[in-house]
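If you want the building blocks of each chain, they are given just below.
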Amino acid sequence: KLTIETSAVMAIAVAARIEDETEKAVTALKDLFLENQEKIEPLTLLSLLTSLFNLIDERSKLRYEIFMALGARAKNADAANWMVGQDILDSLDLLKEDWNLTSNQFSEMLLMLLKLCHSTHKKEEFGELLLKYLASLDEEEKKISLDKEVQDWTVDSVCETLKAPFEMANRMRTLSNLRCVKELSATEHAPLVEMLDSYVNEDFKKYLAFADKKENLDYMVSRNITHDENINHFRVFAACKLPLGEYSYEVMHKALEVPEKDDIEAAVIRLVLTKKVDARIDQARNCIHIRHTAQREFRDAQWSELGTQLRKWKEGVKNVLTTLYKARQEI
């Protein structure tokens, strides 16, 4: 082993001095190292491949081949963390451009990094990389076929967004638009896709119709998704769509889809506990005052509403200043 590794280092040194034939020499050495990888310590092999990687031009496609070889062996060499470092993850689109990768090659590289990232337990980086990989599959014309492991990760990711529909609204919408997620409709996870659509569109009635079917409730139980929590989420959506102001129990009963009128106060209290709705119950007058609601996403309608509120605020301040000025003149 020592002789092989010493010879390899000497060969790399020679290759570095060959100006016109560097890529040819590097390719030959790469193939030689991989053919004899069982005779080389894993970490040493990674070091040798890295040296070859650094010998060639940054825009050479040969770098992609060596990078893939490094990724395939990083876990065994206990170097997965290095392969999914933030500097690499931040440069993925640039690498695609530099190495002139096809959609399929880019997807393969992302999948390799995704599996390495999963082994490092970097949850946030893994989530972003999963989205990027799934999105890359949309660029391919061929039918998408996720392996079992990636399909499970995708399902878990969708389920995670359903449990935090406000905090993960953008991620939820991104997932719902992916072709590979839509194609889950043809699998055992069809109920999940239907539920995701209801959440994205905040369609309370569609969800209630969905939840009327036992097989859908059974699926939710299997994914640790609770019907009561879903109901509360949709009630928050419904309350946030209402203009700020005062509403009778009757109106809130219909808006929040509360089966029994006697339960309206309990439903409103649950809304307030989410901290997405600020409301006050007036039992004496049987009405609910909605004082503030959170916006799940800021779209054109929300920006327009914000603009209207700012104009009203500006007009109000102007009136106050005018009144103060007049009062001062009269003194």
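Data block above holds the structure.
These numbers were taken from a predicted model, which means no experiment stands behind them. (Residues numbered from 1 in each chain as written. Predicted model: local features only at pLDDT ≥ 70, side-chain atom pairs only at ≥ 80, totals over all residues. Heavy atoms only, no water.)

A. Quick peek at helix H14 (residues 204-211). Of all the positions in H14, only Phe 204, Tyr 207, Phe 210 and Ala 211 are classed as buried. Around the axis of H14, the buried residues are gathered within 120 degrees of arc, so they sit on the same side. Elements that come into contact with the buried residues of H14 comprise helix H13 (190-200), helix H15 (214-222), helix H16 (227-241) and helix H17 (249-255). Looking at where H14 begins, the residue whose side-chain oxygen comes 3.4 Å from the main-chain nitrogen of Lys 205 is Asp 203. (Buried < 20%, exposed > 50% of the residue type's maximum accessible area, 1.4 Å probe, protein only. Helix = DSSP H or I, 4+ residues; strand = E, 2+ residues; numbered from the N terminus. Arc of directions from axis to C-beta. Contact = heavy atoms within 4.5 Å. Polar contact = N/O pair within 3.5 Å; in protein donor to acceptor, adjacent residues only side chain to side chain.)

B. Structural context of the sheet that holds strand S1 (residues 245-248). Pairing in this open sheet of three strands is antiparallel, and the strands run S1-S3-S2 from one edge to the other. The open sheet has two edge strands, S1 and strand S2 (277-282), and neither has a second partner. Pairs of neighbouring strands in the sheet enclose a mean axial angle of 25 degrees, with direction left out of account. Taken together, the four bridges between S1 and strand S3 (residues 287-293) define a ladder with antiparallel strand orientation. Residue Gly 245 lies in a different strand from S3, and its bridge partner there is Ile 290. On the sheet, helix H18 (residues 264-273) packs against S2 and S3 and is oriented at approximately 150 degrees with respect to S2. (Pairing = 2+ DSSP bridges. Axes fitted to C-alpha atoms, helices over the stretch in contact; angles between N-to-C directions.)

C. Representation of helix H2 (residues 22-35). For H2, which comprises 14 residues, the first-to-last C-alpha distance of 20 Å matches the rise-based estimate of 20 Å (1.5 Å per residue) to within 8%. Buried within H2 are the following residues: Thr 22, Ala 25, Val 26, Leu 29, Lys 30, Phe 33 and Leu 34. Within H2, the buried residues cover an arc of 160 degrees as seen down the axis, which keeps them to one side. Exposed residues lying more than 90 degrees from the buried face of H2 are Lys 24 and Glu 35. (Expected span 1.5 Å × (residues − 1).)

D. View of the side chain of Arg 63. Position of Arg 63 relative to the elements: it lies in helix H4 (residues 62-74). The side chain of Arg 63 is buried and forms no salt bridge, while Glu 58, the nearest opposite charge, is found at 5.0 Å. With near-sequence residues (within four places) excluded, Arg 63 lies in contact with Phe 53, Asn 54, Ile 56, Asp 57, Glu 58 and Trp 99. (Lys, Arg positive; Asp, Glu negative; His and termini not counted. Salt bridge = Lys/Arg side-chain N within 4 Å of Asp/Glu carboxyl O.)

E. View of the packing of aromatic side chains. Applying the stated criterion across every chain, the model contains 11 aromatic pairs. Centre to centre, the rings of Phe 53 and Trp 99 are 6.2 Å apart; their planes meet at 85 degrees, and the pair counts as edge-to-face. Highlighted residues: Phe 53 in helix H3 (residues 42-55) and Trp 99 in the loop between helix H7 (92-98) and helix H8 (103-120), separated in sequence by 46 residues. Each member of the pair, Phe 53 as well as Trp 99, carries the same accessibility label: buried. For the pair Tyr 207 and Phe 234, a centre-to-centre distance of 5.0 Å together with 15 degrees between the ring planes defines the contact as stacked. Highlighted residues: Tyr 207 in helix H14 and Phe 234 in helix H16, separated in sequence by 27 residues. For the pair formed by Tyr 207 and Phe 234, the shared burial category is buried. Grouping aromatic residues by their ring pairs yields a cluster made of Phe 166, Tyr 199, Phe 204, Tyr 207, Phe 210, Phe 234 and Phe 237. Between the NZ or CZ atom of Arg 63 and the centre of the ring of Phe 53, over which it lies, the distance is 4.2 Å. (Phe/Tyr/Trp six-rings, centres within 6.5 Å; stacked < 30°, edge-to-face > 60°. Lys NZ or Arg CZ within 6 Å of the ring centre and 35° of its normal.)

F. Expanded view of the side chain of Ser 176. If you trace the backbone, Ser 176 turns up in helix H11 (residues 169-177). If we skip the residues at most four places from it in the chain, Ser 176 touches Lys 182, Leu 196 and Val 200.

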